[in-house]
Amino acid sequence: MENKLLSLIIPAYNVEAYIYFLIQSIIENVDCSLSSFEIIIINDGSEDITLEEIKRAKKDFYRFDIKYVSQNNQGVSMARNVGLSLARGKFVWFIDGDDAIAKVSLCSIMGIIEQYESDIDVIRIGNCISETLYDDNNIVTNYIPRVESSKTQLIDSIEFLSNQYEHGHTVYLWRNEFLKVNDVCYPVGITINEDYNFLFRALIKAKKAVYNPTFRFYFARENMTSVSRSPLTVDRMKVIINCKVKNIILFIQYKQMNKLNDLRAVELVNEYFDTYVLNTFKTLFALALPYNFKKSVLDELNKNKIYPQNCGVEKFLLSNGFIYRYGAFIMKVYLKMKGIIRKFSK
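Every value quoted in this text rests on a predicted model; they were computed, and no experiment measured them.

Chemist: Looking at this model, I keep getting lost on the confidence of the model for the chain. Mind explaining?
Modeler: The predicted structure's coordinates, where accompanied by low pLDDT, should not be read in detail. The predicted model of the chain has a mean per-residue pLDDT of 86, with 84% of residues at 70 or higher. Per-residue pLDDT stays below 50 along residues 310-317; that stretch engages in 13 contacts with residues further than four places along the chain or on separate chains.

Chemist: Explain the sheet that holds strand 5 (residues 100-101) here, please?
Modeler: The strands that make up a sheet pair up through hydrogen bonds in the backbone, lying either parallel or antiparallel. The strand order across the open sheet built from three strands is 5-11-7, with neighbouring strands paired in mixed fashion. Edge positions in the sheet fall to strand 5 and strand 7 (129-133), since each of these pairs with one other strand and no more. Of the pairings in the sheet, the one linking strand 5 to strand 11 (residues 218-221) comprises two bridges and is antiparallel in character. Among the inter-strand pairings, Ala100 is bridged to a residue of strand 11, identified as Phe219.

Chemist: Looking at this model, I keep getting lost on the sheet that holds strand 3 (residues 66-71). Mind explaining?
Modeler: Read from one edge to the other, the open sheet built from eight strands follows the order 3-2-1-4-9-6-10-8, with strand pairing classed as mixed. For this open sheet the edge positions go to strand 3 and strand 8 (153-156), each flanked by a neighbour on one side alone. In this sheet, neighbouring strand axes are inclined to one another by 25 degrees on average, regardless of whether the strands run parallel or antiparallel. Summarising the sheet, strand 6 (residues 122-124) and strand 10 (residues 208-211) pair through three bridges and their orientation is parallel. Looking at the pairing, Arg124 lines up with Tyr211 of strand 10. Contacts from helix 4 (residues 105-116) reach strand 1 (4-12), strand 2 (37-44), strand 4 (89-94), strand 6, strand 8, strand 9 (172-175) and strand 10 within the one sheet, and its direction differs from that of strand 1 by about 130 degrees.

Calculation rules
- Note that residues are indexed from 1 along each chain, following the sequence as it is written.
- Reporting in this predicted model follows two pLDDT cut-offs: at least 70 for local features of residues, and 80 or more for side-chain atom pairs to be given and counted; totals over whole chains, interfaces and linings ignore these cut-offs and use all residues.
- Side-chain numbers come from the whole structure's heavy atoms, not from hydrogens or water.
- pLDDT gives the predictor's per-residue confidence on a scale running from 0 to 100.
- Only heavy atoms matter for contacts: two residues are in contact if any of them lie within 4.5 Å across the pair.
- Two strands qualify as a pair provided that DSSP identifies no fewer than 2 bridges between them.
- Secondary structure counts use DSSP, requiring at least four H or I residues in a row for a helix and at least two E residues in a row for a strand, with both numbered from the N terminus.
- To define axes, lines are fitted to C-alpha atoms, for helices over the stretch in contact only, and angles between the resulting N-to-C directions are given on a 0 to 180 degree scale.

This is how it looks when you write it as structure tokens:
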């Protein structure tokens, strides 16, 4: 079986309008050897013509190694895990089915793989290009990144847990063997922030990484059809909070299983954890959810002794139980007053 330098893994669910263009944006990296990469698409029970669009792309781009698997809808995490199990590339890149990549991306990335290969576990490209790609794909067609090879640097992978870096998983490429040996995969059953969970697990185990901020190769499409952009019904808001709580509990388990002796590593892990916990609290308080649900979430977090560790005043309010004891009550009063004000303002 022929080895590849790179496997591009694409979960696809109801992306009939985008999947063909995504594959085309990959294929347009024509300066790369056809045999150096493979495209693996997992059709996760799409209910539109996504599968037909995948088949059309495979037929049109027959010279390229394009594989697809169809399965019943099991969620994006399972789809990515299935793709990883099939990957033959030395490195893997998880790409969302409605996004796109820039020209020259693959050649720059494969140059890094060939240069460093077994010396690194991670390649971190530049931040996503966001708020530019909507339904018009011309921005991708006309965009050529200004790559500066001199800015390539070798750093400790755990540094990417710092808040100075964006935490979207699509700007990371992983050594295939590293993920499989360490049993790092996406958490099945978590549909919100599953990438934060994956990054946490991967980065606390990874060693060295190559990073170049000028590798601005990834276009994140702005659309309202993705799982993370679904309408905010009460049920949807409950799913968001429940997923965040599950992530926090898993973070604690991962921390306990991976004891860190290096002080810098401990600091970075706590920073990542604290930021996520605080964002969860802020989201919980911001969403218009029933009082009893919010109180049950606070009780669950308190039961698991989930407190930030490095956050000043916010740390004091949480770790001393202030939020748990009084937060739900304050929230209830606030919502009551808000309703009264709205009533008299009409």
